[in-house]
Amino acid sequence: KTGKVALDPGFVNTASCSSAITYIDGDAGILRYRGYPIQELATGSSFIEVCHLLIYGELPGPGELKELADKLRQNAGIPDEMRTMLDALPREGHPMTLLGSAVNLLAAYYPDSVDLSDPDQVELATIRLLAKLPTIAAHIYRNSIGEQPVDPDPSLGYVENFLHMTFGKEKGEGELGSLFVKAMDLLLILHADHEQNCSTATVRVVGSSEADIYGSVSGGIHALFGPLHGGANQAVLEMLEEIRSSGTDLDTFLERVKARETRLMGFGHRVYKNFDPRSKEIKGLASQILDNQERPDELFELALQLEAKALADPYFTERKLYPNVDFYTGVIYRAMGFPTTMFTVLFAIGRLPGWIAHWREQAADQTSRIARPRQLYTGPGQRSYPGRA
Ligand code: SDX
């Protein structure tokens, strides 16, 4: 009764819900958004088109795509009192901490879009979240470096505008700039949804009590921040920088991992047991971006060597540990000029349409019930209170 109870894997991994949004086959390395393979979306689509697909269930026609893009441009601004609030937040706070708090407050700035029983309000909240998250993220970043925030420019596309607000100049300009815009758009597509991952499950759990979408997404942002989840993209780069600065050779590092003194961040996945299809796309993109640099990127070279050594080591292959979505993203973000503290914010911007799609799917499901996980009790049996002496 008081011993440790080993949870039956089946108990731990029972399906928590049904969903029509994303399909993953972890053994076959399959990932599909509303039936479309991630590889086809990665080569042919755009992030705004994928937002429409995930949220509304179908690829938009030309008119629908333009309508969504225009709505996002028109709604990218944030209220002055919200800008004042953001400016009052601790500048040294981690951007994910500040972002999660700010997103929750959108419910206070926009009380006309919190009633999930009103489809018009759900639509208003959907557009406002998609349109304003990049603006809030860029504002937080500009404050963290002591620079004036940059207003959204309605003449720019979604990704160009985010880079413009973040870096304060036409980051999307010129040949390298347009490569960055294309790369960022692809990275956002690859992060857009992933079934019942920790942060999306959090959005659904919070939303299952009929809490508003802003608070539900705020919960998702905080779950994503953890280094075992989206925070891993920051942890990977810190791991590579630590290996490089300490001069640790890779074999010694991997021995430390095998001795469980540290983890190989960016490796492993609860569902993918052969390869993460997104990691393959991102590795190719990293080569494309970094080949444009004057000299080889030391950390990318290190990551390639680390992957090769780990995949040749039975410790990792026997545990089915392969590079996941976070292993190569950091070297790309760094090459674009983002500090490591912004990497998980970029993951959140990408994952937002998935969070919204899942929250809406659950809110529209009349059979949906409040999340209430059960437990296996492992504490003491009944005993009598001794009474006060
Ligand atoms: C994301 O769920 C999603 O879909 C998430 C995500 C998404 O798009 O939303 O794909 C995004 O979160 C990707 C994962 C990013 N996290 C990391 O890269 C952090 C490092 N990886 C892990 O900590 C781990 O692999 C997890 C958290 C990703 C998965 O954890 P699991 O499924 O609980 O795996 P586990 O801890 O049960 O590990 C199984 C074995 C263990 O060894 P044994 O005790 O059986 O001997 O593998 C080992 C673990 O010790 N192991 C690792 C390891 N990951 C697992 N050993 C060294 N380094 C690692 N990274």
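Just so it is clear, the model here is predicted, and its values are computed rather than measured. (Residues numbered from 1 in each chain as written. Predicted model: local features only at pLDDT ≥ 70, side-chain atom pairs only at ≥ 80, totals over all residues. Heavy atoms only, no water.)

## Re the overall build of the protein chain
A tally of regular secondary structure across the protein chain gives 18 helices and three strands. Since a compact globule built from 389 residues should have a radius of gyration of about 21 Å, the 22 Å found for the protein chain is in line with a globular shape. Considering only C-alpha atoms, the protein chain reaches an extent of 70 × 55 × 50 Å along its principal axes. When each of the 389 residues of the protein chain is scored for burial, the buried share is 48%. When the 38 positive and 50 negative side-chain charges of the protein chain are each reduced to one mean point, those points stand 8 Å apart. (Helix = DSSP H or I, 4+ residues; strand = E, 2+ residues; numbered from the N terminus. Rg over C-alpha atoms; globule rule 2.2 N^0.38 Å. Buried < 20%, exposed > 50% of the residue type's maximum accessible area, 1.4 Å probe, protein only. Lys, Arg positive; Asp, Glu negative; His and termini not counted. Charge placed at Lys NZ, Arg CZ, Asp CG, Glu CD.)

## Section: the site of the ligand
Among the 23 residues in the neighbourhood of the ligand, the closest are listed as His194, Arg260, Arg263, His269 and Arg278. A distance of 2.8 Å separates a nitrogen atom of the ligand from a polar atom in the backbone of Leu264. Coverage of the ligand by the protein amounts to 77% of the 1,100 Å² it exposes when considered alone. Of the residues contributing to the shell around the ligand, the split by class is nine nonpolar, seven polar and seven charged. (Near = heavy atom within 4 Å. Polar contact = N/O pair within 3.5 Å; in protein donor to acceptor, adjacent residues only side chain to side chain. Areas by Shrake-Rupley, 256 points an atom, 1.4 Å probe, with all protein chains shown as cover. Nonpolar A, V, L, I, M, F, W, Y, C, P; charged D, E, K, R; others polar.)

## Thoughts on the environment of Leu133
With respect to the helices, strands and loops of the structure, Leu133 is situated in helix H7 (residues 119-144). Its relative accessible area of 2% is what places Leu133 among the buried residues. Once the C-alpha coordinates of Leu133 and Val103 are considered, the two residues, 30 residues apart in sequence, prove to be 7.6 Å apart.

## Let's talk about the packing of aromatic side chains
Inspection of every chain in the model, using the stated rule, returns 11 aromatic pairs. Pairing Tyr315 with Phe316 gives two aromatic rings, centres 5.1 Å apart and planes at 75°, and the pair type is edge-to-face. Given the relative accessible area of 16%, Tyr315 is considered buried. Judged by its relative accessible area of 1%, Phe316 falls in the buried class. In this structure an aromatic cluster arises from ring pairing among Tyr141, Phe162, Phe167, Tyr333, Phe338 and Phe343. A cation over a ring is seen here: Lys280 above Phe275, with NZ or CZ 4.4 Å from the ring centre. Note that Arg319 overlies the ring of Tyr315, its terminal NZ or CZ placed 3.7 Å from the centroid. (Phe/Tyr/Trp six-rings, centres within 6.5 Å; stacked < 30°, edge-to-face > 60°. Lys NZ or Arg CZ within 6 Å of the ring centre and 35° of its normal.)

## Here we look at the confidence of the model for the protein chain
Averaged over every residue, the pLDDT of the protein chain is 94; residues scoring 70 or more account for 94%. Scored below 50 in pLDDT, residues 1-5 shows six contacts in the model against residues more than four places distant or in partner chains. (pLDDT = per-residue confidence, 0-100. Contact = heavy atoms within 4.5 Å.)

## What about the UniProt feature "active site" (unreviewed entry) in the protein chain?
Per the UniProt record, the feature "active site" (unreviewed entry) sits at His269 and Asp326. Separation in sequence by 58 residues is not matched in space for these annotated residues, since their most distant C-alpha atoms are only 10.5 Å apart. Inspection of the secondary structure assignment puts His269 in the loop between helix H13 (250-258) and helix H14 (277-290). His269 gets classed as partly exposed once you look at its relative accessible area, which sits at 23%. Here the side chain of His269 touches Val271 through a polar contact of 2.9 Å, landing on its backbone nitrogen. (UniProt positions renumbered as here; feature names shortened; annotations may be inferred.)

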